[in-house]
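Coordinates in review
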Amino acid sequence: DAIDGRRMSDSDLECCYDRVRNAQNFKRPLSQGEIACVLGHRAIWRKVSEGPAPVALVCEDDLRLLPACGDFLRSVAGHEAAFAHALIKLDSPARAGKVVGRLAGVDLVLTSRLPGCTTGYLLGRDAATTLLAQTRKVSRPIDMDLKHYWEHHVPILLVRPQLVSVRPDG
């Protein structure tokens, strides 16, 4: 379940939001909803980090699976350990980048220009642990923070073709 930023107290916000880093790292202060969104993803990352599975699928509530997604996820299930250290964005079609693997007809692409969106992604247990350690306090929206891979050091791959999207009614 999502965290409702409107229900967070000022003291809740102060303990998790870094206003100084926000001013240095982002163009404006974050809204309570943006802070809550990051905290929601971090709660999921904590479950993945502490859980038994080497990789987990993280989905937002407006997710729509595209046709090739099922075969890809079944293939990942047979190679879970290979993805323990990575995050694979399923929601953004890869543009330019280096194809570093192929699974179930889907290219895994490494690129220096990451798109926003966190509609759906695969997250390895070790990657979740690293993200939690590197992003202790909130200073940017979740999709912007993930783009800064040189700060958190988690490899982020894109897929080609795109495997999930936002539902039209989402």
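The structure under discussion appears in the preceding block.
In this text the structure is predicted, and so the values were computed from the model without any measurement. (Residues numbered from 1 in each chain as written. Predicted model: local features only at pLDDT ≥ 70, side-chain atom pairs only at ≥ 80, totals over all residues. Heavy atoms only, no water.)

1. Considering the overall build of the protein chain
When helices and strands are tallied, the protein chain shows seven helices and eight strands. Over its C-alpha trace the protein chain gives a radius of gyration of 16 Å, about what one expects of a compact globule, namely 15 Å for 170 residues. With the principal axes as the frame, the protein chain shows a C-alpha extent of 50 × 35 × 35 Å. Taking all 170 residues of the protein chain together, the buried fraction comes to 46%. The long-range fraction of contacts in the protein chain, counting pairs at least 24 apart against all pairs at least 6 apart in sequence, stands at 82%. Total accessible area on the protein chain is roughly 9000 Å²; 53% of this is exposed by carbon and sulfur atoms. (Helix = DSSP H or I, 4+ residues; strand = E, 2+ residues; numbered from the N terminus. Rg over C-alpha atoms; globule rule 2.2 N^0.38 Å. Buried < 20%, exposed > 50% of the residue type's maximum accessible area, 1.4 Å probe, protein only. Contact = heavy atoms within 4.5 Å. Areas by Shrake-Rupley, 256 points an atom, 1.4 Å probe, with all protein chains shown as cover.)

2. Remarks on the sheet that holds strand S6 (residues 120-124)
Taking strand neighbours across the sheet as the criterion, the six strands line up as S1-S6-S3-S7-S5-S4 in an open arrangement whose pairing is mixed. Each edge of the open sheet is held by one strand with a lone partner, namely strand S1 (55-59) and strand S4 (98-103). Shown here is a sheet whose adjacent strand axes are inclined to one another by a mean of 30°, direction ignored. Direction of pairing for S4 relative to strand S5 (residues 106-110): antiparallel, over a ladder of five bridges. (Pairing = 2+ DSSP bridges. Axes fitted to C-alpha atoms, helices over the stretch in contact; angles between N-to-C directions.)

3. Observations concerning the pattern of salt bridges
If you walk through the whole model with that rule in mind, you get eleven salt bridges. Ionic pairing is found between arginine 102 and aspartate 107, a salt bridge with its closest N-O pair at 2.6 Å. For arginine 102, a relative accessible area of 53% corresponds to the exposed category. Look at aspartate 107 and you get buried, because its relative accessible area is 14%. Because the salt bridges share partners, they merge into one network encompassing Asp4, Arg6 and Arg7. (Salt bridge = Lys/Arg side-chain N within 4 Å of Asp/Glu carboxyl O.)

Honestly, it's all geometry; don't read function into it.
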